[in-house]
Amino acid sequence: MMAKIFTLLFILAGLGLLVLGVVRYREGKASNSWTEVPAKVESADMGRTKNKTAGSRYHAHVTYTYEVQGVSYTSRRVGLAGQESGSENHAQSLLKQYPVGSTVKAYYDPTRPEKAVLIRGVGSSVWTVFVVGLVFLGMGGYLTLRGLTRLFAGAKASPARAS
């Protein structure tokens, strides 16, 4: 019974990660056609999250303002698909590109001007999500096949009962 639960969890986690990867990929691709607008960097700092298994991940937190058709907006999104996090060096290099008080290029979604990024496109973390999703799905498939093989092997080994 426990093996079935683990198999199901692997399959569901794999499918969930693949769906998340597709959503992030599409959003990142769509951002390539977003409208460019000048933005003023209001603040920039580095954040860090700790994870017991993955270690520390660093995030460039950049707050910037921009204007679309006379309406002022504020955003904190550096990128859509993982461009804003990773190693400490990566976060530091991003922060150097966006010094406080500077005017930079931002890109906003023309259908939702409140949604903007500083970096367009698909980041490398999308591919990581896909790979991990495939690994989980593959493990779930392997466990399913192993369970079916044992089931059929057990059925062949059992002698048929006479009625």
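The coordinates are above.
Residues numbered from 1 in each chain as written. Predicted model: local features only at pLDDT ≥ 70, side-chain atom pairs only at ≥ 80, totals over all residues. Heavy atoms only, no water.

Participant: An account of the nonpolar core is needed here, citing residue identities and associated values.
Facilitator: Grouped together as the largest cluster of nonpolar side chains are 18 residues, with contacts concentrated most on Val62, Tyr64, Tyr66, Tyr98 and Leu118. Looking at this core, the elements with two or more residues in it are β1 (35-51), β2 (55-68), α2 (88-97) and β5 (103-109). (Core = buried A, V, L, I, M, F, W, Y, C linked by side-chain atoms within 4.5 Å. Buried < 20%, exposed > 50% of the residue type's maximum accessible area, 1.4 Å probe, protein only. Helix = DSSP H or I, 4+ residues; strand = E, 2+ residues; numbered from the N terminus.)

Participant: Summarise unusual backbone geometry; cite the residues concerned and give the values.
Facilitator: Of note, the phi angle at glutamine 69 is positive, near 50 degrees, even though the residue is not glycine. With respect to the helices, strands and loops of the structure, glutamine 69 is situated in the loop between β2 and β3 (71-75).

Participant: Describe helix α1 (residues 2-31), with residues and values.
Facilitator: Compared with an ideal rise of 1.5 Å per residue, which puts 30 residues at 44 Å, α1 spans 43 Å between its outermost C-alpha atoms and is within 8% of the ideal. Listed as buried for α1 are Thr7, Gly14, Leu18, Gly21, Gly28 and Ser31. (Expected span 1.5 Å × (residues − 1).)

Participant: Outline a nonpolar patch on the surface, supporting the account with residue identities and numerical values.
Facilitator: A contiguous nonpolar patch, built from Met1, Met2, Ile5, Phe6 and Leu9 and spanning about 570 Å² of accessible area, is present on the exposed surface. By the secondary structure assignment, phenylalanine 6 is in helix α1. (Patch = residues over 30% accessible without salt bridge, like charges linked within 9 Å, V, L, I, M, F, W, Y side chains within 5 Å. Areas by Shrake-Rupley, 256 points an atom, 1.4 Å probe, with all protein chains shown as cover. Salt bridge = Lys/Arg side-chain N within 4 Å of Asp/Glu carboxyl O.)

Participant: Pulling in residues and values, what's your account of the layout of surface pockets?
Facilitator: There is about 280 Å³ of room inside the largest pocket. Around the largest pocket sit eleven residues that line it, and Ala3, Lys4, Thr7, Leu143 and Gly147 are the ones nearest its centre. (1 Å grid on protein atoms, 1.4 Å probe; cavity = no way out; pocket = protein on both sides within 12 Å on 5 of 7 lines; lining within 4 Å. Points joined across faces, edges and corners; volume = space filled by probe spheres on them.)

Participant: Which residues make up the pattern of salt bridges, and what values do they have?
Facilitator: With the rule as written, the count across this model stands at two salt bridges. Residues lysine 115 and glutamate 27 are paired through a salt bridge, measuring 2.6 Å at the closest nitrogen-oxygen approach. Of this pair, lysine 115 sits in strand β6 (residues 112-117) while glutamate 27 sits in helix α1; the two residues are 88 residues apart in sequence, bridging distant segments of the chain. Overall, the relative accessible area of 22% leaves glutamate 27 in the partly exposed class. Notably, a salt bridge pairs arginine 112 with glutamate 114, separated by 3.3 Å at the nearest N-O pair. By relative accessible area, which is 41% here, glutamate 114 ends up partly exposed.

Participant: Describe the pairing of β2, and please don't skip the residues or the numbers.
Facilitator: Sheet analysis places β1 next to β2, joined by twelve bridges and oriented antiparallel. The partner of asparagine 51 across the bridge, within β2, is glycine 55. In terms of strand pairing, β2 meets β3 through five bridges, oriented antiparallel. The residue of β3 that forms the bridge with tyrosine 64 is serine 75. What sits between β2 and β3 in their antiparallel hairpin is a turn of two residues, with glutamine 69 showing a positive phi close to 50 degrees. (Pairing = 2+ DSSP bridges.)

Participant: Describe the environment of tyrosine 108, naming the residues involved and giving the relevant values.
Facilitator: Assignment of secondary structure puts tyrosine 108 in strand β5. The class for tyrosine 108 is buried, based on a relative accessible area of 12%. Sequence separation between tyrosine 108 and arginine 120 is twelve residues; the distance between their C-alpha atoms is 9.5 Å. Ignoring any residue separated from it by four or fewer positions in sequence, one finds tyrosine 108 in contact with Trp34, Thr35, Val37, Tyr66, Val68, Pro113, Lys115 and Ala116. (Contact = heavy atoms within 4.5 Å.)

Participant: Just give me the short version of the packing of aromatic side chains, but keep the residues and values in it.
Facilitator: Each aromatic ring pair is specified by the distance between its two centres and by the angle formed by the two planes. The full count for this structure, using the stated rule, is six aromatic pairs. The interplanar angle of 20 degrees and the centroid separation of 5.5 Å between the aromatic rings of tyrosine 66 and tyrosine 73 together place this pair among those described as stacked. One aromatic cluster is present, built from ring pairs that chain together Tyr64, Tyr66, Tyr73 and Tyr108. (Phe/Tyr/Trp six-rings, centres within 6.5 Å; stacked < 30°, edge-to-face > 60°.)

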